[in-house]
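A closer look at the structure
Here is what each chain is made of, one letter per residue.
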Amino acid sequence: SRGLGDVYKRQPLNLAGILDQIPLCHTLVTTGQKATDTLLSITGSPAPAIGGFVDFLYHNRRLRLYRMPSTSRAYPKPLTEKAEIYRTIFQNFEQ
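Residues numbered from 1 in each chain as written. Predicted model: local features only at pLDDT ≥ 70, side-chain atom pairs only at ≥ 80, totals over all residues. Heavy atoms only, no water.

1. Comments concerning the nonpolar core
Rules: Take the buried residues of types Ala, Val, Leu, Ile, Met, Phe, Trp, Tyr and Cys, join any two whose side-chain atoms come within 4.5 Å, and each joined set is a nonpolar core. Relative accessible area decides the class of each residue, using a 1.4 Å probe on protein chains only: under 20% of the type maximum gives buried, over 50% gives exposed, and in between gives partly exposed. Per the convention used, a helix needs a DSSP run of H or I reaching at least four residues, while a strand needs a run of E reaching at least two, with both numbered from the N terminus. In this analysis, two residues are considered to be in contact whenever any of their non-hydrogen atoms come within 4.5 Å of each other.
Grouped together as the largest cluster of nonpolar side chains are 12 residues: Leu15, Ala16, Leu19, Cys25, Leu28, Leu39, Leu40, Val54, Phe56, Tyr58, Leu63 and Leu65. Within the residue set of this core, elements represented by two or more residues are α2 (15-21), α3 (33-43), β2 (53-58) and β3 (61-68). Residues within four places of Leu19 in sequence aside, it is in contact with Cys25, Leu28, Tyr58, Arg61 and Leu63.

Spelled out as structure tokens, the structure:
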């Protein structure tokens, strides 16, 4: 029998190529540890605290990375605390 790993092959993310197609993009957001680790491995950015952000340069472009808590119900933070963290990022976008 074949596992899902045999069926779905992961393709490396061409972040620089994607960002070239979105020249006005200056903010990236991750939810959960795996997504954050993947992006950090590509960009070399330092890791922000959950609910925080870091500014960094990637391919001569200034970006901001927000690290949000996982949306999984398995994540131990109460939903109200997660919602407050998400509210922060949207308030920052409005500024």
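2. Details of the pairing of β2
Put simply, the rule is: Should DSSP find at least two bridges between two strands, the strands are taken to pair.
In β2, alternate side chains face the same way, and those of Val54, Phe56 and Tyr58 are buried while those of Phe53, Asp55 and Leu57 on the opposite face are not. Across 6 bridges, β2 lies against β3 in antiparallel orientation. For Tyr58, the partnering residue across the bridge sits in β3 and is Arg61. Hairpin remark: β2 followed by β3, antiparallel, with 2 residues in the connecting loop; positive phi at His59, about 50 degrees.

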